[in-house]
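# Geometric and topological summary
As a plain string of letters, each chain reads:
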Amino acid sequence: MSDSQTEQPLRERVERWLAREMPIIQMHGGTSAVRTADPDTGEVVIELGGGCSGCSVSDITTGNIEAELLTWDEIEDITVRVPDARDQLGGPDQAESIMGIDRTEGGRGDWGSSNPGKDHL
């Protein structure tokens with residue numbers, strides 16, 4: 001790594017590396033975010049989302065990220081999280097879907113929130 005690259009904050013360097021070396025994340029509709037990048041402790045936490053949630057090969061992607069970043073001198077501990085897609089939608093206890101439809105009536109909504117009016121055909 002050049003001197004100008006090591007002068008950049010650790011978070012920026014990890015973000016640039018993800019964008020440059022892991023384009024498959026974005027190509028498959030995924031997202032990546034550096035949640036923690038502490039140069040004092042060497043801890044880095046990355047969260048993958050979007051298309052990565054529920055993806056059958058996300059464990060391979062996380063393993064590749066971990067393997068590479070652990071070779072960096074300033075990184076001592078790397079965690080790559082991929083939230084479960086069900087957790088992102090609020091799980092089965094969520095009252096409304098992401099579209100704002102009340103799921104208590106089997107996804108049809110209730111009279112007060114989805115009634116188009118008595119003039120509707």
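Note that this is a predicted model, so its numbers are computed, not measured.

### Focus: helix α2 (residues 10-21)
With 12 residues, α2 ought to run about 16 Å at 1.5 Å a step, and its terminal C-alpha atoms sit 16 Å apart, in line with that. Three or more residues of α2 are buried, namely Leu10, Arg13, Val14, Trp17 and Leu18. One side of α2 carries all its buried residues, which in axial view fall inside an arc of 135 degrees. Those residues of α2 that are exposed and angled more than 90 degrees off the buried face are Ala19 and Arg20.

### Brief notes about the sheet that holds strand β2 (residues 43-50)
Read from one edge of the open sheet, 3 strands run β1-β2-β3, paired in mixed fashion. The two strands at the open ends of the sheet, each matched to only one other strand, are β1 (30-38) and β3 (77-81). Pairs of neighbouring strands in the sheet enclose a mean axial angle of 15 degrees, with direction left out of account. By the bridge criterion, 8 bridges tie β1 to β2 in an arrangement that is antiparallel. Directly across from aspartate 38, in β2, lies its bridge partner glutamate 43. Helix-sheet contacts for α2 involve β1 and β2, and the interaxial angle to β1 is about 155 degrees.

Conventions adopted
Residues numbered from 1 in each chain as written. Predicted model: local features only at pLDDT ≥ 70, side-chain atom pairs only at ≥ 80, totals over all residues. Heavy atoms only, no water. Helix = DSSP H or I, 4+ residues; strand = E, 2+ residues; numbered from the N terminus. Expected span 1.5 Å × (residues − 1). Buried < 20%, exposed > 50% of the residue type's maximum accessible area, 1.4 Å probe, protein only. Arc of directions from axis to C-beta. Pairing = 2+ DSSP bridges. Axes fitted to C-alpha atoms, helices over the stretch in contact; angles between N-to-C directions. Contact = heavy atoms within 4.5 Å.

So, to be careful, I would describe these as geometric facts and stop short of saying anything about function.
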